[in-house]
Amino acid sequence: MSVFRREQNQVHSLQGNHIAGVATPPSGAREVELWRGRMDANSATPPHSHDTEEVVLFLSGTGRATVGERAIRYQPGDTLILPAAQTHQIFAETESEFVSAMPIGGTVKLPDGMVIDLPWRK
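Below is a short write-up of the structure.

What counts, and at which threshold
Residues numbered from 1 in each chain as written. Predicted model: local features only at pLDDT ≥ 70, side-chain atom pairs only at ≥ 80, totals over all residues. Heavy atoms only, no water. Pairing = 2+ DSSP bridges. Helix = DSSP H or I, 4+ residues; strand = E, 2+ residues; numbered from the N terminus. Core = buried A, V, L, I, M, F, W, Y, C linked by side-chain atoms within 4.5 Å. Buried < 20%, exposed > 50% of the residue type's maximum accessible area, 1.4 Å probe, protein only. Contact = heavy atoms within 4.5 Å. Axes fitted to C-alpha atoms, helices over the stretch in contact; angles between N-to-C directions. Phe/Tyr/Trp six-rings, centres within 6.5 Å; stacked < 30°, edge-to-face > 60°.

## Focus: the sheet that holds strand β7 (residues 63-67)
Remark on secondary structure: sheet strands pair via backbone hydrogen bonds, oriented parallel or antiparallel.
Okay, step 1: Read from one edge to the other, the open sheet built from four strands follows the order β4-β10-β7-β8, with strand pairing classed as antiparallel. Each of the sheet's edge strands pairs with one partner strand only, and the pair in question is β4 (43-44) and β8 (70-74).
Okay, step 2: Taken together, the five bridges between β7 and strand β10 (residues 88-92) define a ladder with antiparallel strand orientation. Each residue of the ladder has a partner; that of Val 67, found in β10, is His 88.

## Describing the nonpolar core
Okay, step 1: Counting residues in each nonpolar core, the largest one holds 17 residues, and the members touching the most others are Trp 35, Val 56, Phe 58, Leu 80, Ile 90 and Phe 98.
Okay, step 2: Residue assignment for this core shows that the elements contributing at least two residues are β3 (32-39), β6 (54-60), β7, β9 (79-82), β10 and β11 (96-103).
Okay, step 3: For Phe 58, the contacting residues outside a window of four places in its chain are Tyr 74, Gln 75, Pro 76, Gly 77, Asp 78, Leu 80, Ile 90, Glu 97 and Phe 98.

## A word on the sheet that holds strand β1 (residues 12-14)
Okay, step 1: Reading across from one edge, β1-β2-β3-β11-β6-β9 is the order of the six strands in this open sheet, with antiparallel pairing throughout. With one partner strand each, in any of the chains shown, β1 and β9 form the two edges of the open sheet. Across the sheet, the mean angle separating the axes of adjacent strands is 25 degrees when strand polarity is ignored.
Okay, step 2: Judged from the three bridges that link them, β1 and strand β2 (residues 17-23) form a sheet pairing that is antiparallel. Paired with His 12 across the bridge in β2 is Ile 19.

## Some words on unusual backbone geometry
Okay, step 1: In this model, Gln 15 sits at a positive phi of 50 degrees, which is unusual for a non-glycine residue.
Okay, step 2: Here Gln 15 lies in the loop between β1 and β2.
Okay, step 3: Taking relative accessible area as the criterion, Gln 15 reaches 54% and is therefore assigned exposed.
Okay, step 4: Of note in this structure, Asn 42 is not a glycine but carries a positive phi near 65 degrees.
Okay, step 5: Its location among the elements puts Asn 42 in the loop between β3 and β4.

## Some points on the packing of aromatic side chains
Okay, step 1: All chains considered together, the criterion is met by three aromatic pairs.
Okay, step 2: Ring geometry for Trp 35 against Trp 120: centres 6.1 Å apart, planes inclined by 75 degrees, an arrangement best described as edge-to-face. Taken together, the residues span a long stretch of sequence, with Trp 35 in strand β3 and Trp 120 in the segment after β12 (108-109) at a distance of 85 residues. Trp 120 carries the same exposure label as Trp 35, and that label is buried.
Okay, step 3: Seen in terms of ring centroids, Phe 58 and Tyr 74 are 3.6 Å apart; in terms of plane orientation they differ by 10 degrees. Their pairing is stacked. Of this pair, Phe 58 sits in strand β6 while Tyr 74 sits in strand β8, and the two are 16 residues apart along the sequence. One exposure class covers both Phe 58 and Tyr 74, and it is buried.
Okay, step 4: Site record: aromatic cluster; members linked through ring pairs are Phe 58, Tyr 74 and Phe 98.

Put into structure tokens, the structure is as follows:
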């Protein structure tokens, strides 16, 4: 068993997204990684896809997400289950907090195929 204390979180900021890896291989996770994040109001993630499923639970805020051609709205308490290999993007209308989980080692890609190295995984 491992305990990763809140004060150990290192927040990484990118385009209005502020994310900390709270369960990653360096913190002791072996199968699933978990991130905690905050999105500024009127910010968005870049469009991207994963080679594994990703699950996002919104703790606060409102906005929308696109998955392929489909658009859906979110509010506090909603969970997005994002399928593998589908380009998706999240748009925060208000400041939003979330936790996100996926299998360790999943690849994250931009639509042009470029692999993104996520700093909060380290």
